[in-house]
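Chain residues, written in single-letter form:
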Amino acid sequence: MPVTRIMIVDNEGEAAGGLQASLEKIGYTVAAQASRGEEAIQLAGQLQPDLVLMEFHLENHQDGLQAAEQIRARYGIPVILTGNQADGAVLEQSQLTEPNGYILRPFAERELIATISLVLHKQESQRKLRESEARYDTLFNIMAQGVIYQDSTGKIISANPAAARILGLSQAEMLGRTPQDPSWRSIHEDGSVFPPEEKPTMRALKTGKEVRNVIMGVFQQQKNEYVWVNVHA
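Computed from a prediction, not measured in an experiment: that's the story for all the values here.

Take the overall build of the protein next. On a plain count of helices and strands, the protein comes out with 8 helices and 10 strands. Taken over C-alpha atoms, the radius of gyration comes to 28 Å for the protein, far larger than the 17 Å a tight globule of 233 residues would show. Principal axes of the C-alpha set define a box for the protein whose edges measure 85 × 35 × 35 Å. When each of the 233 residues of the protein is scored for burial, the buried share is 36%. Long-range pairs, those at least 24 residues apart, make up 45% of the contacts in the protein with a sequence separation of at least 6. With an accessible surface of roughly 13700 Å², the protein has 51% of that area assigned to carbon and sulfur atoms. The positive charge centre, built from 22 side chains, and the negative charge centre, built from 29, are 10 Å apart in the protein.

Time to look at the pairing of strand β10 (residues 225–231). Judged from the 7 bridges that link them, strand β9 (residues 214–220) and β10 form a sheet pairing that is antiparallel. Bridge pairing in β10 links Ile 215 to Asn 230. Hairpin connection of β9 to β10: 4 residues between the antiparallel strands, including Asn 224 at a positive phi of 55°.

Let's shift gears to the sheet that holds strand β8 (residues 186–187). As summarised here, the arrangement of the 3 strands in space is β8-β9-β10, forming an open sheet in which the pairing is antiparallel. Both edges of this open sheet fall to β8 and β10, since each of them pairs with a single strand only. Relative to β9, β8 is paired through 2 bridges, and the arrangement is antiparallel. The residue of β9 that forms the bridge with Ile 187 is Gly 217.

Next up on the list: the pattern of salt bridges. In total, this model carries 4 salt bridges according to the counting rule given. A salt bridge links Glu 131 to Arg 127; the shortest N-O distance between them is 2.5 Å. Residue Glu 131 and its partner Arg 127 are both found in helix α5 (residues 109–142); the two are separated by 4 residues, about one turn of the helix. Across the salt bridge formed by Glu 210 and Arg 212, the nearest N and O atoms sit 2.8 Å from each other. Taken together, the shared-partner salt bridges connect Glu 124, Arg 127 and Glu 131 into one network.

The next subject is helix α3 (residues 63–75). Note on helix geometry: an α-helix contains 3.6 residues per turn, so any two residues three or four positions apart are oriented the same way. Across its 13 residues, α3 extends 18 Å between first and last C-alpha, which sits within 8% of the 18 Å expected from 1.5 Å per residue. Those residues of α3 that sit buried are Asp 63, Gly 64, Leu 65, Ala 67, Ala 68 and Ile 71. On the buried face of α3, the contacting elements are α2 (37–47), β3 (51–55) and β4 (79–83). Positive phi appears at Gly 76, one or two residues downstream of α3, with a value of about 70°.

Right, let's get into the packing of helix α1 (residues 13–26) against α5. Orientation of α1 relative to α5, taken along the N-to-C sense of each, is 75°, at an axis distance of 11 Å. With respect to each other, α1 and α5 are oriented roughly perpendicular. Across the interface between the two elements, Leu 19, Ser 22, Leu 23, Lys 25 and Ile 26 from α1 touch Glu 109, Leu 112, Ile 113 and Ile 116 from α5.

With that out of the way, let us pick up the nonpolar core. Counting residues in each nonpolar core, the largest one holds 19 residues, and the members touching the most others are Met 7, Val 9, Ala 40, Val 52, Met 54, Ile 71 and Val 79. At the level of elements, β1 (5–9), β2 (29–34), α2, β3, α3 and β4 are the ones that each hand at least two residues to this core. Excluding residues within four positions of it along the chain, Met 7 makes contact with Ala 32, Ala 40, Leu 43, Ala 44, Pro 49, Leu 51, Val 52 and Leu 53. Of all hydrophobic cores here, the second largest spans 17 residues; its members include Leu 167, Leu 169, Val 227 and Val 231.

Criteria and cut-off values
- Residues numbered from 1 in each chain as written.
- Predicted model: local features only at pLDDT ≥ 70, side-chain atom pairs only at ≥ 80, totals over all residues.
- Heavy atoms only, no water.
- Helix = DSSP H or I, 4+ residues; strand = E, 2+ residues; numbered from the N terminus.
- Rg over C-alpha atoms; globule rule 2.2 N^0.38 Å.
- Buried < 20%, exposed > 50% of the residue type's maximum accessible area, 1.4 Å probe, protein only.
- Contact = heavy atoms within 4.5 Å.
- Areas by Shrake-Rupley, 256 points an atom, 1.4 Å probe, with all protein chains shown as cover.
- Lys, Arg positive; Asp, Glu negative; His and termini not counted.
- Charge placed at Lys NZ, Arg CZ, Asp CG, Glu CD.
- Pairing = 2+ DSSP bridges.
- Salt bridge = Lys/Arg side-chain N within 4 Å of Asp/Glu carboxyl O.
- Expected span 1.5 Å × (residues − 1).
- Axes fitted to C-alpha atoms, helices over the stretch in contact; angles between N-to-C directions.
- Parallel < 35°, antiparallel > 145°, perpendicular 65-115°, else oblique.
- Core = buried A, V, L, I, M, F, W, Y, C linked by side-chain atoms within 4.5 Å.

Below, the structure written as structure tokens:
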């Protein structure tokens, strides 16, 4: 299992040394120490640590917050702000700038472990989610089957390229349309009109149940003819 690499940013050498000793005792590796915000940003980019422990008070009142925000924005590295007990209320308010967490001195070993573990777990979960979303987006865009997402009113909020191609529309043209849109011309297999309320998506929304294998003819203006689709909702 890879060792977690942490960078400490603190302009008090004694405090930084004590924190490093505590982290190494727990089993973490300290990748670097920095005492200024600009230095911390530069080192974070060079070393790519797994986590940064950032002292709230550096050169000035806002420097720790600004450096934390830059490190997160540029490199996606999680940052935990640190400070004294007197900084508690301010650090809590700093959540508005979206640091990944904060911890107050004196550092209790159990609290230090818990906070770091929680932040790293959240970071890993977000990484896996991003990867999953990227795989989904790729599949959504390359699959041969047409896929349309509609909201609870039936309005189209997303459609993949295959759906647009099948229906003879651009993806942009499909967004916002509903089954009640008069520009849709749909028929049953016997040629009778397909009422909007009978369409598979509207039936699924109304009943909350899956609707499968509904054959529908949808008029495609480009071809000036009906294209036949098998709809699942």
